[in-house]
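As a plain string of letters, each chain reads:
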Amino acid sequence: ADGLRNSNSMSATGVVAEELPLLTKTDNNENSTEQRGNATHNETVVSMMKLCMGTGTLALPFAAQKGGLVLNIGGLIGIAIWNIYSVQRLCAALRIYRKCSQSLQTAPRVTTSLFSKVGYLAFGEIGIHGLDICMVILFLGIIVSYEDAVIGFLEDTPLGTGSAHVDAFIIAIIIGCLSLVPDMGYLAKASAYGLFVLACAFVVIAFSGTSSGKIHVESLTLWPQDGLAGISHWFGCVVYGFGVVPLTFDYYESMKEPHQLTHATTVALSGVVVSYLAIAYGFLLLYPIVMEGDVLEDLLPISGLVPTVVRVAMITMIILTAPLLVLPCGSILEGKIRLLLGRDTVCSGKLLHVLVRLSVCIFCTIVSISVPGFVYVLSFVGCCAVALVGFVVPPLLHIALVLQCEDAGGRWAGLFLDTVMFLWGVTAMIISSIYTFKKLRET
């Protein structure tokens, strides 16, 4: 999910424009002839690995401690395989769409993404609106988690006002104003330094931990803590970090050889699993502590020049990244508003841009104030929004398209697997969302 902010790097032009933001990239060719980009297999692998190394990695030690050694190691491998399966199913669904979309008698009235167009072929108008709603929920959830992180980081710096409400209001104004910038290219380039900032934060924290010269095996647990609640928090934090599935179509169209996408995903997520394990257990072995938050909150000293610089850098990076999510979220909502009110309404054009994007920022700020605690918000977003788009939607789309456009006679084994994975995804999403939501209410 963190990687959604970096998807702009896959566009053919390399520029993030208002007309082609993130997942709302318009498929201008209505005949749906396959488009190919310039990205090689190895470039796609690197892009995917960078995509997964976002702010969600700050919660990995928390997730590892909640899940225990057995679940965390085996589960990370399982979640990676689950993501690979979902990417493969979306690629198959896209190929069916390319083949069958020309036979459509009617075109959708409003299209915001290729994702939605595939949904239209599968389920009609309900498919468009359903997938757009899923994406809006995903974007809003990530923005809320980002704002929660900024509020938490700001409290531990001299820059905070002392009031979380005032801090949140100021943050909302800054993000709202940045989301109105006509050219997002500069913000995209600035946010690309996020990996460097994150790496610096990890180095500072690791250096502080090595000063004791001890390895703290007691920080590790073999089995999950807190039963289903601990498993749910582990699931949400881990799923949040894997942001590959929602960008499947973008990756597919960016590659010279799209048929290699599944293999590229396998290679990339294998590297991500190793990196996640190294980050999680590296910090847990260095610090004898029960994790209750992210690494900046629990492990980085509050006072001192270096910790303050690290927190301010993280705050800056997140604030520059958030508008890249406000933009596609606002674009989807603007399309729905125009559909309801008509294109000639007084709220069209720039005024509608301003109202919708500021409303998104204000809404996310209100929610972030109501549910403080970055890792708990992050885990709930992972369980609910990311799992919905990443694990529930892909098999459902593939089932619907196969039944409508293909000969299902020889595909019963695949359809059975899709059905099992769909039901498993729904079950995991609902149960984990319930437990993580309970924790949010407690906080």
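Described in the following lines is the structure provided in the data block. Everything numeric here is computed off the predicted structure, so don't read it as measured data.

Comments concerning the overall build of the protein chain
No. 1: Within the protein chain one finds 16 helices and 0 strands.
No. 2: Expressed as a percentage of the 443 residues in the protein chain, the buried residues total 55%.
No. 3: Contacts spanning at least 24 positions in sequence make up 85% of the contacts within the protein chain whose residues lie at least 6 apart.
No. 4: Only carbon and sulfur atoms are counted for the fraction: they give 68% of the accessible area of the protein chain, which is about 18,200 Å².

Here we look at unusual backbone geometry
No. 1: Positive phi, normally seen in glycine, also occurs at Asp-226, with a value near 65 degrees.
No. 2: Owing to a relative accessible area of 53%, Asp-226 belongs among the exposed residues under this scheme.

Considerations on the packing of aromatic side chains
No. 1: Evaluation of the coordinates by the stated rule reveals 10 aromatic pairs.
No. 2: Seen in terms of ring centroids, Phe-235 and Phe-391 are 6.4 Å apart; in terms of plane orientation they differ by 45 degrees. Their pairing is tilted. With Phe-235 in helix α8 (residues 227–241) and Phe-391 in helix α15 (residues 374–405), the pair connects residues that are 156 residues apart, well separated along the chain. Each member of the pair, Phe-235 as well as Phe-391, is classed as buried.
No. 3: The rings of Trp-82, Phe-235, Phe-391 and Trp-424 are connected pair by pair, giving a single aromatic cluster.
No. 4: Against the face of Tyr-435 rests Lys-438, its NZ or CZ located 5.3 Å from the ring centre.

Observations concerning the nonpolar core
No. 1: In terms of nonpolar packing, the biggest core is built from 130 residues, with Leu-58, Ile-79, Phe-115, Phe-235, Phe-242, Val-295 and Leu-296 touching the most fellow members.
No. 2: No other element matches the 20 residues that α15 contributes to this core.
No. 3: With sequence-adjacent residues up to four places away left out, Phe-115 is seen in contact with Leu-90, Leu-131, Met-135, Phe-249, Val-389, Val-393 and Leu-397.

Concerning the pattern of salt bridges
No. 1: Tallied over the full model, the rule gives 7 salt bridges.
No. 2: For Asp-132, the salt bridge goes to Lys-336, with nearest N and O atoms at 2.7 Å. Of this pair, Asp-132 sits in helix α4 (residues 125–155) while Lys-336 sits in helix α13 (residues 323–341), placing them 204 residues apart in sequence.
No. 3: Residue Asp-132 is classed as buried on the basis of its relative accessible area of 1%.

Quick look at the environment of Lys-336
No. 1: Overall, Lys-336 belongs to the buried group, its relative accessible area being 18%.
No. 2: Taking C-alpha positions, Lys-336 is 9.2 Å from Asp-132, a pair spaced 204 residues apart along the chain.
No. 3: Leaving out residues up to four positions away in the same chain, Lys-336 has contacts with Ile-128, His-129 and Asp-132.
No. 4: At 2.7 Å, the side chain of Lys-336 and the side chain of Asp-132 are in polar contact.

Some words on helix α12 (residues 305–321)
No. 1: If you check α12, its first and last C-alpha atoms are 24 Å apart, about what 17 residues at 1.5 Å a residue would give, namely 24 Å.
No. 2: Turning to α12, its buried residues are Pro-307, Thr-308, Val-310, Arg-311, Met-314, Ile-315, Met-317, Ile-318, Ile-319, Leu-320 and Thr-321.

Observations concerning the state of the cysteines
No. 1: Overall, the coordinates contain 0 disulfides when judged by the stated rule.
No. 2: Not engaged in a disulfide, the cysteine Cys-177 finds its nearest cysteine sulfur in Cys-361; these two sulfurs lie 8.7 Å apart.
No. 3: In this structure Cys-383 is not part of a disulfide, and its nearest cysteine sulfur, from Cys-237, lies 7.9 Å away.
No. 4: The class for Cys-383 is buried, based on a relative accessible area of 0%.

Rules of the game
- Residues numbered from 1 in each chain as written.
- Predicted model: local features only at pLDDT ≥ 70, side-chain atom pairs only at ≥ 80, totals over all residues.
- Heavy atoms only, no water.
- Helix = DSSP H or I, 4+ residues; strand = E, 2+ residues; numbered from the N terminus.
- Buried < 20%, exposed > 50% of the residue type's maximum accessible area, 1.4 Å probe, protein only.
- Contact = heavy atoms within 4.5 Å.
- Areas by Shrake-Rupley, 256 points an atom, 1.4 Å probe, with all protein chains shown as cover.
- Phe/Tyr/Trp six-rings, centres within 6.5 Å; stacked < 30°, edge-to-face > 60°.
- Lys NZ or Arg CZ within 6 Å of the ring centre and 35° of its normal.
- Core = buried A, V, L, I, M, F, W, Y, C linked by side-chain atoms within 4.5 Å.
- Salt bridge = Lys/Arg side-chain N within 4 Å of Asp/Glu carboxyl O.
- Polar contact = N/O pair within 3.5 Å; in protein donor to acceptor, adjacent residues only side chain to side chain.
- Expected span 1.5 Å × (residues − 1).
- Disulfide = S-S within 2.5 Å.

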